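# Examining the three-dimensional arrangement
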Number of protein chains: 2
Amino acid sequence: MNENTAPLQRAEAEEYASWFKALADATRIQIVSLLARRRAPMSVGEIVTASGVGQSTVSHHLKILAEVRFVLVERQSTSSLYRINEACVSCFPTAADVVMGNPVPAAPTCE
Amino acid sequence: MNENTAPLQRAEAEEYASWFKALADATRIQIVSLLARRRAPMSVGEIVTASGVGQSTVSHHLKILAEVRFVLVERQSTSSLYRINEACVSCFPTAADVVMGNPVPAAPTCE
DNA sequence: ATCGTCCATCGACGATATTCGATAAATGTG
DNA sequence: CACATTTATCGAATATCGTCGATGGACGAT
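Let me sum up the structure you'll find in this document. Quick caveat, the model's predicted, so the values are computed rather than measured. Here the residue numbers are simple positions, counted from 1 along each chain's written sequence. Following the order in which they are written, the chains are lettered starting with A and the ligands numbered starting with 1. For this predicted model, a pLDDT threshold of at least 70 governs which residues receive local features, and a threshold of 80 or more governs which side-chain atom pairs are given and counted, while totals over whole chains, interfaces and linings are taken from all residues. Computation of side-chain values covers all heavy atoms of the structure but excludes hydrogens and water.

## A few points about the pairing of strand 3 (residues 79-84) of chain B
All names here are of chain B. Put simply, the rule reads: Pairing between two strands requires that DSSP report at least two bridges joining them. Per the convention used, a helix needs a DSSP run of H or I reaching at least four residues, while a strand needs a run of E reaching at least two, with both numbered from the N terminus.
As defined by bridge partners, strand 1 (residues 42-43) adjoins strand 3 across two bridges and the pair is classed as antiparallel. Considered in strand 3, the bridge of M42 is made with Y82. Turn length for the strand 2 (residues 71-76)-strand 3 hairpin, with the two strands adjacent in sequence and antiparallel, is two residues, and the turn residue S77 shows positive phi of about 55°.

As structure tokens, then:
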């Protein structure tokens, strides 16, 4: 098990929390799973119609997901194409990471 | 990879979100890591002095963590002894579970 | 240049969450 | 019984979050 016995300081706990906060909302989880199941990038409009919430709400959630690099953006003429960041899915901390005090992973940029 | 291509319905997304909400707060993460590093159960008073937040706040967070079975309680005379639920740490969903649409795990009672 | 489309941002609102102090309930001690 | 200790709960203040409608900016088409 190899636990780290040093106490977890506040700053590290906040970093962990920001990771979990990104997936602590049902709408964001829907968006993420939507992007993951279509392998292809999706425009905001497509996500809006597929998720059933307002356009500004989708845009807001996509911004939060992009801040932790969970999704990646690519502007193409007038539309923004979002896609899942596969590398980020695998580096997302597990509960065991938190409990054992593993170093907080940095979000991968993926190109 | 074996993804599930069926769309994720709202109810399932909510269940996932409730898992991540439990670890979406820095104070709760501190409490959880505290309990995990001491193998022994801790009383509320010990957690209060170790975490530096108010007693009622600690009690509140412990209640939330106990609701998802992340910690287990055992009343002993006047004090409540909390300890981490190892089984729950390992069944906590990963980001890959969310993305691939794995079934949402149920919190283990552990005795 | 004007219009239409697509998206991000702003402002606002209600809902939810975090935190604290005070109080109450349970239990052991004198 | 009275008292101290420990924890849970209540009430309230504050902060954060999720959602929407409206606005504005970027870009392409006519």
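## Considering the relation of the copies chain B and chain A
Keep this limit in mind: Least-squares superposition aligns the copies on the C-alpha atoms of those residues with pLDDT at or above 70 in both. By definition in these notes, contact holds between two residues if any of their heavy atoms fall within 4.5 Å.
Relative to chain A, chain B is turned by 180° and slid 0.0 Å along the rotation axis, the superposed coordinates differing by an RMSD of 0.2 Å. What we have between these two chains is a two-fold relation. Interface residue correspondence from chain B to chain A reaches 100%, placing this contact among same-surface, isologous pairings.

## Some remarks on the state of the cysteines
Residue and element names in this part refer to chain A. Which entries qualify depends on this criterion: In this description, the term disulfide denotes a pair of cysteine sulfurs within 2.5 Å. Each residue is assigned to one of three classes by its accessible area relative to the maximum for its type, calculated with a 1.4 Å probe on protein chains only: buried under 20%, partly exposed between the two thresholds, exposed over 50%.
Evaluated as defined, the whole model comprises zero disulfides over all chains. No disulfide involves C88; its sulfur sits 4.5 Å from the nearest other cysteine sulfur, which is in C91. By relative accessible area, C88 is classed as buried at 0%.

## A closer look at the protein's contact with DNA strand C
Under the convention used in this document: Near, as used in this document, describes a residue that has one of its heavy atoms within 4 Å of the molecule or strand being considered. Think of a polar contact as two N or O atoms within 3.5 Å of one another; within protein, one of them needs to be a possible hydrogen donor and the other a possible acceptor, and neighboring residues in sequence only count if both atoms come from side chains.
Neighbouring residues of DNA strand C: 22 residues in total, closest G45, S59 and Y82 of chain A together with T57 and H61 of chain B. In DNA strand C, atoms within 4 Å of the protein come 71% from sugar and phosphate. In the environment of DNA strand C, a sugar or linking oxygen lies 3.1 Å from a nitrogen or oxygen atom belonging to the side chain of T78 of chain A. Residue S56 of chain B places a side-chain N or O atom 3.2 Å away from a base oxygen belonging to DNA strand C.

## Digging into the packing of aromatic side chains
In plain terms, the rule: Note on aromatic pairs: the rings of Phe, Tyr and Trp (six-membered ring only in Trp) are paired at centre separations within 6.5 Å, and the planes decide the class, stacked below 30 degrees, edge-to-face beyond 60, tilted for the rest.
Counting across every chain of the model gives nine aromatic pairs over all chains. Ring centres of F70 of chain A and F92 of chain A lie 5.7 Å apart, and the angle between their planes is 80°; on these two criteria the pair is classed as edge-to-face. Of this pair, F70 of chain A sits in the loop between helix 4 (55-67) and strand 2 (71-76) while F92 of chain A sits in the loop between helix 5 (86-91) and helix 6 (95-100), and the two are 22 residues apart along the sequence. The pair formed by F70 of chain A and F92 of chain A is uniform in burial state, with each residue classed as buried. Relative to F20 of chain B, the ring of F92 of chain A lies with its centre 6.0 Å away and its plane at 90°, an arrangement referred to as edge-to-face. Here F92 of chain A is found in the loop between helix 5 and helix 6, whereas its partner F20 of chain B is found in helix 1 (residues 10-22) on a different chain. This pair shows no difference in class: F92 of chain A is buried, exactly as F20 of chain B is. Joined through ring pairs, the aromatic side chains of W19, F20, F70 and F92 of chain A together with W19, F20, F70 and F92 of chain B make up one cluster.

## What about the protein's contact with DNA strand D?
What counts is decided by this rule: Each residue gets one label: Ala, Val, Leu, Ile, Met, Phe, Trp, Tyr, Cys and Pro are nonpolar, Asp, Glu, Lys and Arg are charged, and the others, such as Gly, are polar.
By nearness alone, 24 residues border DNA strand D, and G54 and H61 of chain A together with G45, S59 and Y82 of chain B come closest of all. S56 of chain A is positioned with one of its side-chain polar atoms (N or O) 3.1 Å from a base oxygen of DNA strand D. One of the side-chain nitrogen or oxygen atoms of Q55 of chain B is found 3.0 Å away from a base nitrogen of DNA strand D. Elements represented by at least two residues in the surface near DNA strand D include exactly helix 2 (26-37) and helix 4 of chain A together with helix 3 (44-51), helix 4 (55-67) and strand 3 of chain B. Per-class residue counts for the surface near DNA strand D are three nonpolar, 15 polar and six charged.

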